[in-house]
Amino acid sequence: MSTQVLIAGAGPVGLMLACELGRSGVQVTVLERLAAPMRESRASLLNTCTAELLHARGFDSLLDPAQREVKTHFAGFPIDLSAAPSDYAGHFKVPQYVTEQVLGDEAQRAGVTLLRSRELTGIRETGDRVACAFDGPAGRVVLETEYLVGCDGAGSTVRRLAGFGASQRTATRELLRADVVDAGIRDRRFERLEGGFAVANTRRGVTRVMMHVRGHEPVRRQSPPAFSEVASSWKKVTGEDISRREALWADSFDNSYGQADCYRRGRVLLAGDAAHWHMPIGGQALNVGLSDAVNLGWKLAAAVTGWAPKGLLDTYDSERRAAAARVIRHVAAQETLMLGGAEVEPLRHVLSGLIAIEGAQHLIGLFCAGLDDRYGTQGDDGLAGRHMAHLRPGRVPGVLSPDLLTAAPTGVLVRFADPGQAAGDNPVRRTPAAQSVSLPNGAPLRIVRVAQPPGDGVTDVLLRPDAHIAWAGCGERRLSDALSQWFGAPLPDNHRGSRA
Ligand SMILES: Cc1cc2nc3c(=O)[nH]c(=O)nc-3n(C[C@H](O)[C@H](O)[C@H](O)COP(=O)(O)OP(=O)(O)OC[C@H]3O[C@@H](n4cnc5c(N)ncnc54)[C@H](O)[C@@H]3O)c2cc1C
């Protein structure tokens, strides 16, 4: 038995990666130890960056019915997301099991093989293959793969078996959470009280309560806390008695965090919670994991299909490890500011003044929206490495929308008219015509010609399939270099120098 890529774990990240690879024609097998899909709400917030990538991949059925909120918070301070440069500004509320179901359906349509009740238990690298052993209904089976990706969650077996190191901090604080029917208490957002921290939010008669008891040491748990423990903690923090109410469920989480020291060891890679984990403040974890999957998908497809330029696959590690490290720092800062005692009050005071400044509000808004990643330090144009959303405000309105990336997981070269040609009444084409070409090494590319005067000396924009700008500038020579760096070859002769 063999496959080109084996993914351990059919959580949202494994399924998204499977979709990306399947769309590129890669043979993919996903192993999942659970017999049936998970039914918990878990990470229920999709940010702007994720919404853009879901839209570009035809997952509007996830976004259209979702409740959208343009108000969010950083450490409890209000942040307005409406100014984000996207038609999808805001956060979309979607229970995690719904996201998983839609991604799972799409993966199957893309030809992915999903094997449930299969637990990966052993791996052995043999030159250009990885032999993976798993236990399932038919006993122990070994499957050979060109690449193995561990998307198997924070307690990742792949991370352990492949010998990845990880830096981590153990828990120092714990939060309890429950959904309580007819709780009979008032709603509150991020209340800092003498005894700890409390949140209550009621929807349709059910109140989600969340609390931290200051000074309470985290405990090692084998199962979720009983509601009596939640009620007793709530009383300690707020003085209110909810012990006679009924809870639909209760759970706990803590402020431990960690990250794998690298995301690739030879033919084994990590993505999602297997690579980084932290407290679920601000709903970043799932979104960071989905961006891992989209960053890795096209690079791994390029490696398997044979057109990847040297070093392309390694950029997954450098780009996404830095992105998650930044999120972990932001989450740790928020946790300290929200759960810390009187000692954090001066810091909160300073921060509240800073956040009121428009530029600071915008920067933190971009972080919350997931649009602030910048990969590498290429170029001095201020654009390369950024999400394509950064090209939109006032520069090329209406053209650089996620729709440019809908057709297939290829790069897109956007060629703007020369200033002379674009003079007069040339309209901005809102749905520019695209032409598919193959680069000399077989890499697929789409060229979109746009009749619009270029801004800031930019006549060409090269987009990666993950919606990041590979290069933006002018000049055939520099364009050829950028194409060779990211897609392995320059334009074919018959396409050089042609614009709108
Ligand atoms: C109880 C709980 C509550 C959470 N609540 C929130 C929240 O409120 N907000 C928030 O933002 N985030 C929350 N999270 C975090 C969020 O769910 C994760 O960030 C997200 O699921 C990460 O996706 P993933 O695909 O990387 O990993 P996971 O969703 O963990 O998926 C990993 C998959 O791998 C499978 N697997 C594991 N080991 C093996 C193996 N050896 N072989 C085969 N399959 C294997 C697992 O069964 C699982 O299906 C919560 C997580 C948990 C566990």
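Residues numbered from 1 in each chain as written. Predicted model: local features only at pLDDT ≥ 70, side-chain atom pairs only at ≥ 80, totals over all residues. Heavy atoms only, no water.

## Describing the side chain of threonine 157
Part 1 of the argument: Turning to its location among the elements, threonine 157 is positioned in helix α5 (residues 157-161).
Part 2 of the argument: In this structure, threonine 157 is in contact with Leu120 and Asp152, ignoring residues within four places of it in sequence. (Helix = DSSP H or I, 4+ residues; strand = E, 2+ residues; numbered from the N terminus. Contact = heavy atoms within 4.5 Å.)

## A short note on the domain arrangement of the protein chain
Part 1 of the argument: Along its sequence, the protein chain is organised into domain 1 (2-44 + 95-168 + 257-339), domain 2 (174-254) and domain 3 (388-495).
Part 2 of the argument: Look at where the C-alpha atoms of domain 1 and domain 2 centre, and you get two points 32 Å apart.
Part 3 of the argument: Contact residues are listed per partner, giving 5 residues for domain 1 and 8 residues for domain 2.
Part 4 of the argument: Buried area between domain 1 and domain 2, summed over both chains or domains, comes out near 650 Å², and the portion from carbon and sulfur atoms is 66%.
Part 5 of the argument: Summed over the shared surface of domain 1 and domain 2, the result is 0 salt bridges.
Part 6 of the argument: Remark: the boundary between domain 1 and domain 2 carries 2 residue pairs in polar contact (both at pLDDT 80 or more).
Part 7 of the argument: Here the residues of the side of domain 1 that touches domain 2 are counted per class, giving 5 nonpolar, no polar and no charged. (Domains from an automatic or database assignment. Buried area = accessible area lost by both parts, 1.4 Å probe. Salt bridge = Lys/Arg side-chain N within 4 Å of Asp/Glu carboxyl O. Polar contact = N/O pair within 3.5 Å; in protein donor to acceptor, adjacent residues only side chain to side chain. Nonpolar A, V, L, I, M, F, W, Y, C, P; charged D, E, K, R; others polar.)

## Considering the nonpolar core
Part 1 of the argument: In this structure, Val5, Ile7, Leu21, Val149 and Leu300 are the most contacted members of the largest nonpolar core, which totals 88 residues.
Part 2 of the argument: If one sorts the elements of this core by residue count, helix α7 (residues 284-305) sits on top with 9 residues.
Part 3 of the argument: Two domains each donate at least three residues to this core, and these are domain 1 (2-44 + 95-168 + 257-339) and domain 2 (174-254).
Part 4 of the argument: Here valine 5 is in contact with Leu21, Val26, Gln27, Val28, Thr29, Thr145, Tyr147, Val149, Leu300 and Val304, once residues within four sequence places are set aside.
Part 5 of the argument: Of all hydrophobic cores here, the second largest spans 20 residues; its members include Ala302, Leu413, Leu462 and Ala482. (Core = buried A, V, L, I, M, F, W, Y, C linked by side-chain atoms within 4.5 Å. Buried < 20%, exposed > 50% of the residue type's maximum accessible area, 1.4 Å probe, protein only.)

## What about the environment of alanine 131?
Part 1 of the argument: Within the element layout of this structure, alanine 131 appears in strand β10 (residues 129-136).
Part 2 of the argument: When the C-alpha positions of alanine 131 and leucine 143 are compared, they lie 5.7 Å apart, and in sequence the two are 12 residues distant.
Part 3 of the argument: Setting aside chain neighbours within four positions, we find alanine 131 in contact with Gly122, Ile123, Arg124, Val142, Leu143 and Glu144.

## Side note on the pairing of strand β6 (residues 77-80)
Part 1 of the argument: On β6, burial follows the alternation: Phe77 and Ile79 on one face are buried, whereas Pro78 and Asp80 on the facing-out side are not.
Part 2 of the argument: In textbook terms, the turn of a hairpin is the stretch between consecutive antiparallel strands, and for strand β5 (residues 71-74) and β6 this stretch comprises 2 residues, one of which, alanine 75, has a positive phi near 55°. (Pairing = 2+ DSSP bridges.)

## Some thoughts on the environment of glycine 266
Part 1 of the argument: Along the chain, glycine 266 turns up in the loop between β19 (264-265) and β20 (268-270).
Part 2 of the argument: As a C-alpha pair, glycine 266 and leucine 313 span 47 residues in sequence and 10 Å in three-dimensional space.

## A word on the sheet that holds strand β7 (residues 91-93)
Part 1 of the argument: Taken together, 3 strands build an open sheet; the order of strands is β3-β7-β4 and the sheet is antiparallel. Both edges of this open sheet fall to β3 (45-46) and β4 (67-69), since each of them pairs with a single strand only.
Part 2 of the argument: In terms of strand pairing, β3 meets β7 through 2 bridges, oriented antiparallel. Of the residues in β7, the one forming a bridge with leucine 45 is lysine 93.

## Examining the site of the ligand
Part 1 of the argument: Near the ligand, the surroundings consist of 26 residues, among which Glu32, Gln96, Leu120, Arg177 and Asp273 are the closest.
Part 2 of the argument: Take valine 13: an N or O atom from its main chain is 3.0 Å from an oxygen atom of the ligand.
Part 3 of the argument: A distance of 3.0 Å separates a nitrogen atom of the ligand from a polar atom in the backbone of leucine 120.
Part 4 of the argument: Relative to its free-state accessible area of 990 Å², the ligand is covered by the protein chains to the extent of 82%.
Part 5 of the argument: For the shell around the ligand, the secondary-structure elements that each account for two or more residues are α1 (12-23), β9 (119-126) and α7.
Part 6 of the argument: For the shell around the ligand, the per-class residue count stands at 10 nonpolar, 7 polar and 9 charged. (Near = heavy atom within 4 Å. Areas by Shrake-Rupley, 256 points an atom, 1.4 Å probe, with all protein chains shown as cover.)

## Notes on the packing of aromatic side chains
Part 1 of the argument: Using the criterion set out here, one finds 6 aromatic pairs in the structure.
Part 2 of the argument: Taking 6.3 Å as the distance between ring centres and 80° as the angle between the ring planes, the aromatic pair formed by phenylalanine 74 and phenylalanine 367 counts as edge-to-face. Highlighted residues: phenylalanine 74 in strand β5 and phenylalanine 367 in helix α10 (residues 358-369), separated in sequence by 293 residues.
Part 3 of the argument: Accessibility expressed as a relative area gives 3% for phenylalanine 367, which makes it buried.
Part 4 of the argument: A connected cluster of aromatic rings, assembled from ring pairs, spans Trp298, Trp307 and Phe487.
Part 5 of the argument: Directly above the ring of tyrosine 147 sits arginine 267, whose terminal nitrogen or CZ lies 4.8 Å from the centroid.
Part 6 of the argument: The cationic tip of arginine 464 hangs over the ring face of tryptophan 486; the distance from NZ or CZ to the ring centre is 4.8 Å. (Phe/Tyr/Trp six-rings, centres within 6.5 Å; stacked < 30°, edge-to-face > 60°. Lys NZ or Arg CZ within 6 Å of the ring centre and 35° of its normal.)

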